[in-house]
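If you want the building blocks of each chain, they are given just below.
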Amino acid sequence: MKRALLSSIACLSLVSSALAIDFGVGIGYTSLSPSGYVKYKGDAIDLKDDLNLGRSKKANAYVDIGLPILPDIKVEYLPVEYSGSNTLRREIKFGNKTYTVNADVSSKMKLDQLDIASYYKFPIPFIKPRVGLAVKVVFADVKINSSSLNISESKSLTVPIPLAYAGVYAQIPNTPLAFDVEAKGIAYSGNHFIDFKGLAMLKYNVLYAGAGYRYQRLKIDNISDTYSDLKFKGLTVEAGLKF
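Below or above, wherever it landed, is the structure these notes cover.

Conventions used here
- Residues numbered from 1 in each chain as written.
- Predicted model: local features only at pLDDT ≥ 70, side-chain atom pairs only at ≥ 80, totals over all residues.
- Heavy atoms only, no water.
- Helix = DSSP H or I, 4+ residues; strand = E, 2+ residues; numbered from the N terminus.
- Buried < 20%, exposed > 50% of the residue type's maximum accessible area, 1.4 Å probe, protein only.
- Contact = heavy atoms within 4.5 Å.
- Lys, Arg positive; Asp, Glu negative; His and termini not counted.
- Charge placed at Lys NZ, Arg CZ, Asp CG, Glu CD.
- Pairing = 2+ DSSP bridges.

Overview of the overall build of the protein chain
Scanning the protein chain for helices and strands turns up one helix and 14 strands. Principal-axis analysis of the C-alpha atoms gives the protein chain an extent of 65 × 45 × 25 Å. Residue burial in the protein chain is summarised as follows: out of 243 residues, 40% are buried. Look at the contacts in the protein chain between residues 6 or more apart in sequence, and 62% of them connect residues 24 or more apart. Here the protein chain holds 30 positive side-chain charges and 22 negative ones, and the gap between their average locations is 5 Å.

Set out below in structure tokens:
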């Protein structure tokens, strides 16, 4: 198994060199804590105080292809899911349903994300800055259920978000220590989205492993009767190959 893995890595490295392309692939694990509110035809519902949503703990993955002359392409998939249960201390309305004081509720919020970025990188000694554009497609679904009231309401949205993209990679000379930071964001008409990730990495040849921090903020102002101001933050780890 080890010999087959090493052979595969060597083949990929040779193909990458022969075609004069850069190639990267990685898998990770991200743990994000939610805060903020969501509102759909009713009240601003707090993710912590009202719904008691816990952390999202999910694996994620990306593929990065650097092409000669053409901009590089990076595709990333980040599944995000929060769930929790609580006894309401106030009356809330979500959609067409009203949840009364002392009602027991169980809730789930999914915000799966597919990112496609196109960018140019600029090789400078010791660092590689990159600048481009991206599209993030958010597959959102919020559901609040109350067994004590025998009611349930949900709202689903698929929102494509165009983003500015920037990042920088740096490796300390003569050491395996490297750093990578990337940020995506946009603001328009009361809506804005920010996605930031920073990693400290150890590299060995084409292999790397790293750990860092991820922060996201999603503010929606009346998209399909939906409003939100959400923040997600937490630790992320990642391992993969970079040719």
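With respect to the pairing of strand β8 (residues 104-121)
Two elements, strand β4 (residues 72-78) and β8, share seven bridges in a ladder whose sense is antiparallel. Counted as the bridge partner of K74 is A117 from β8. Taken together, the seven bridges between strand β5 (residues 81-87) and β8 define a ladder with antiparallel strand orientation. Across the sheet, the residue bridging to T87 is D104, located in β8. As paired strands, β8 and strand β9 (residues 127-146) are joined by 16 bridges and run antiparallel to one another.

Function cannot be inferred from these measures alone, as they are strictly geometric.
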